[in-house]
Amino acid sequence: MTTLSRDTGVSLAERTRSDFPILDQRSSQGDPLIYLDHAATSQKPRVVLEAMQAYYACDNANVHRGAHQLSARATEDFEAARTTTAAFVGAAGPQEIVFTRNATEAINLVARSWGNANLREGDEILLTLMEHHSNLVPWQLLAQRTGCVLRHVGVTETGELDVDDFRSKLSDRTRLVSLVHISNTLGCSNPLELVITAAHAAGALVLVDACQSLAHQRTSVSALGADFLVGSSHKLCGPTGMGFLWAKEALLEEMPPFLGGGEMIQDVHLDHSTWADLPYKFEAGTPAIGEAVGMGAALSYLEQIGLENIAAWEAQLTWHLFNRLQAIDGLRILGPTPQQQPGRGALATFLVDGVHANDIAAMLDLAGICIRSGHHCCQPLHRHYQVTGSARASLSFITTMAEIDRFADELQGVITFFRDNS
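Engineer: Account for the state of the cysteines, naming residues and giving values.
Structural biologist: Here, the word disulfide means a covalent bond between the sulfur atoms of two cysteines. Across all of its chains, the model carries zero disulfides by this definition. In this structure Cys188 is not part of a disulfide, and its nearest cysteine sulfur, from Cys378, lies 10 Å away. On the accessibility criterion, Cys188 (1% relative accessible area) is buried.

See below:
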């Protein structure tokens, strides 16, 4: 990994911030906008906005269907985005990339297609307590349909995956292990190499939710050895309404279609149909063409900056964020510290004694500081900590040290205000 000095890191943020027009605005009180909610959705650089505008202004046509020049150009750009996505995650080829609306749909695709075809009563799926609802609910629905059993791995006192609990619950009945790479709440980075090796030894497949890792560190499916991986464009500086499933080609070949209709067929008769080649048999109907083009532009943009540079700068930001938050009396951070886990995610989820997370977020918003409050689509995890919600500040390569300082100062002021007036 490339190591950047603090000065070089600041230059990285300063060099890229001008690419994001949304950061030019100010709060109602005139304060500069500080966006610290990147784990929920990333901001979009001009190159993404321009790529989508160019498609709709110059190349707007359906893909794979027309012989005219607009369709040809649209198809070329659409498939170029697939090739870019495949390269970004280290896939064997673009045939292993299925475009979906988001990562949630990608997980549902696996649950409906692979799950329906392969799981039976008594089979087990191993999940974790820290999963986003998108990696819990599809499997609950699958369990209702098939009678398979869901089991859940706990977390340690430091907010990391309980490896001993994982090993104890992994068995010859386990058919799938599905887990997040980096938790959107705890920020912990799960030991995928250990999990995948153990799961495969037990005869199980592994699905990785990489939504919180793909934009922040180099991730290669060939190096990981996983069987499925899902990502979402809007977490990658790309547009909303776009995501993807990567899966090993052999698995995709065996899986039945998820949705039926146009595009995903080879031949249609009145009483039966045959399916298109990969990956098209999973892409029924007109796709999100402009969004795919935008995602391709976003991934190229991230590659130009360099995932190694991003990871190095965000690691420094995370240390600084933790140092500032740990100095605030009565504030508790969920998940491992950078000291405990240097490869953790660039976010901090926290609780403040006597002050509700929603009140904190609302007061900070008045000062132009955007953070997240609530359960972050992780209600079971919050129940584990016996709280209904928490506050979260999440970072990006466009975040500066000065923004973290101002956030921490304003946060201290908000806490003092509520304590003095409670």
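What follows continues from the structure just given.
Engineer: Before we move on, can you summarise the packing of helix α2 (residues 46-59) against helix α10 (residues 289-305) with the specific residues and values?
Structural biologist: Remark: α2 packs on α10, axes separated minimally by 8 Å, with the N-to-C direction vectors making an angle of 150°. Regarding α2 and α10, the two cross each other, and that crossing is right-handed. Here Val47, Val48, Ala51, Met52, Tyr55 and Tyr56 of α2 lie close against α10, whose contacting residues are Ile289, Gly290, Glu291, Val293, Gly294, Ala297, Ala298 and Tyr301. Residues belonging to the contact of α2 with α10 are distributed by class as follows: 11 nonpolar, two polar and one charged.

Engineer: Provide a residue-level description of α10, including the pertinent values.
Structural biologist: Each α-helix winds once per 3.6 residues, and so residues spaced three or four apart point in a common direction. Compared with the 24 Å implied by 1.5 Å per residue over 17 residues, the 25 Å span of α10 between its first and last C-alpha is a close match. Of all 17 residues in α10, 13 are buried; the element is thus mostly enclosed. Directly beyond the C-terminal end of α10, a positive phi value near 105° is found at Gly306.

Engineer: Talk me through the environment of Trp139; I want residue IDs and the actual numbers.
Structural biologist: Tracing the backbone through its elements, the reader meets Trp139 in helix α5 (residues 137-146). Looking at Trp139, the relative accessible area reads 0%, which means it is buried. Considering only alpha carbons, one finds Trp139 and Glu160, 21 residues apart in sequence, at a separation of 22 Å. With residues up to four places along the chain from it excluded, the contact list for Trp139 reads Ile107, Val110, Ala111, Ile125, Leu127, Leu150, Leu176, Ser178 and Leu207.

Engineer: I'd like a rundown of the pairing of strand β6 (residues 205-209), residues and numbers included.
Structural biologist: Burial within β6 is extensive, with five of its five residues counted as buried. Burial along β6 is two-sided: the face carrying Leu205, Leu207 and Asp209 and the face carrying Val206 and Val208 are both buried. The sheet contact formed by strand β5 (residues 174-180) and β6 spans five bridges and is parallel. Pairing of Ser178 across the sheet is with Leu207, part of β6. Viewed along the sheet, the connection from β5 through helix α7 (residues 192-201) into β6 turns out right-handed. Note that β6 and strand β7 (residues 228-232) share three bridges and pair parallel. Across the sheet, residue Val208 finds its bridge partner in β7, namely Leu229.

Engineer: Account for the nonpolar core, naming residues and giving values.
Structural biologist: Ranked by internal contacts, the top residues of the largest apolar core, which has 97 residues, are Leu302, Leu325, Phe350, Ile371, Phe397, Phe407 and Leu411. Here this core gets nine residues from one element, more than from any other, and that element is α10. Residues in contact with Phe350, not counting those within four places in the same chain, are Leu325, Leu331, Arg332, Ile333, Ile360, Ile371, Ser390, Ala391, Arg392, Ala393, Phe407 and Leu411. One finds Val98, Ile125, Ala247 and Leu251 within the second-largest nonpolar core, a separate group that totals 29 residues.

Engineer: Could you give an account of the sheet that holds β6, naming the residues involved and the relevant values?
Structural biologist: In spatial order, the strands read β2-β8-β7-β6-β5-β3-β4; together these seven strands make up an open sheet with mixed pairing. Whereas interior strands pair on both sides, the edge strands pair on one side only; in this sheet they are β2 (97-100) and β4 (149-153). Each adjacent strand pair in this sheet contributes to an overall mean axis angle of 20°, direction not counted. On the sheet, helix α3 (residues 69-89) packs against β2 and β8 (243-247) and is oriented at approximately 115° with respect to β2.

Engineer: Just give me the short version of the pairing of β7, but keep the residues and values in it.
Structural biologist: The buried fraction of β7 amounts to five of the five residues, a majority that puts the element mostly inside the structure. A two-sided burial pattern is seen for β7, the buried positions comprising Phe228, Val230 and Ser232 on one face and Leu229 and Gly231 on the other. Where β7 and β8 come together, five bridges link them in antiparallel fashion. Across the sheet, Phe228 pairs through a bridge with Ala247, a residue of β8.

What counts as what
Residues numbered from 1 in each chain as written. Predicted model: local features only at pLDDT ≥ 70, side-chain atom pairs only at ≥ 80, totals over all residues. Heavy atoms only, no water. Disulfide = S-S within 2.5 Å. Buried < 20%, exposed > 50% of the residue type's maximum accessible area, 1.4 Å probe, protein only. Axes fitted to C-alpha atoms, helices over the stretch in contact; angles between N-to-C directions. Helix = DSSP H or I, 4+ residues; strand = E, 2+ residues; numbered from the N terminus. Left-handed = near helix turned anticlockwise from the far one by under 90°. Contact = heavy atoms within 4.5 Å. Nonpolar A, V, L, I, M, F, W, Y, C, P; charged D, E, K, R; others polar. Expected span 1.5 Å × (residues − 1). Pairing = 2+ DSSP bridges. Right-handed = clockwise from strand over helix to strand, strands pointing away. Core = buried A, V, L, I, M, F, W, Y, C linked by side-chain atoms within 4.5 Å.

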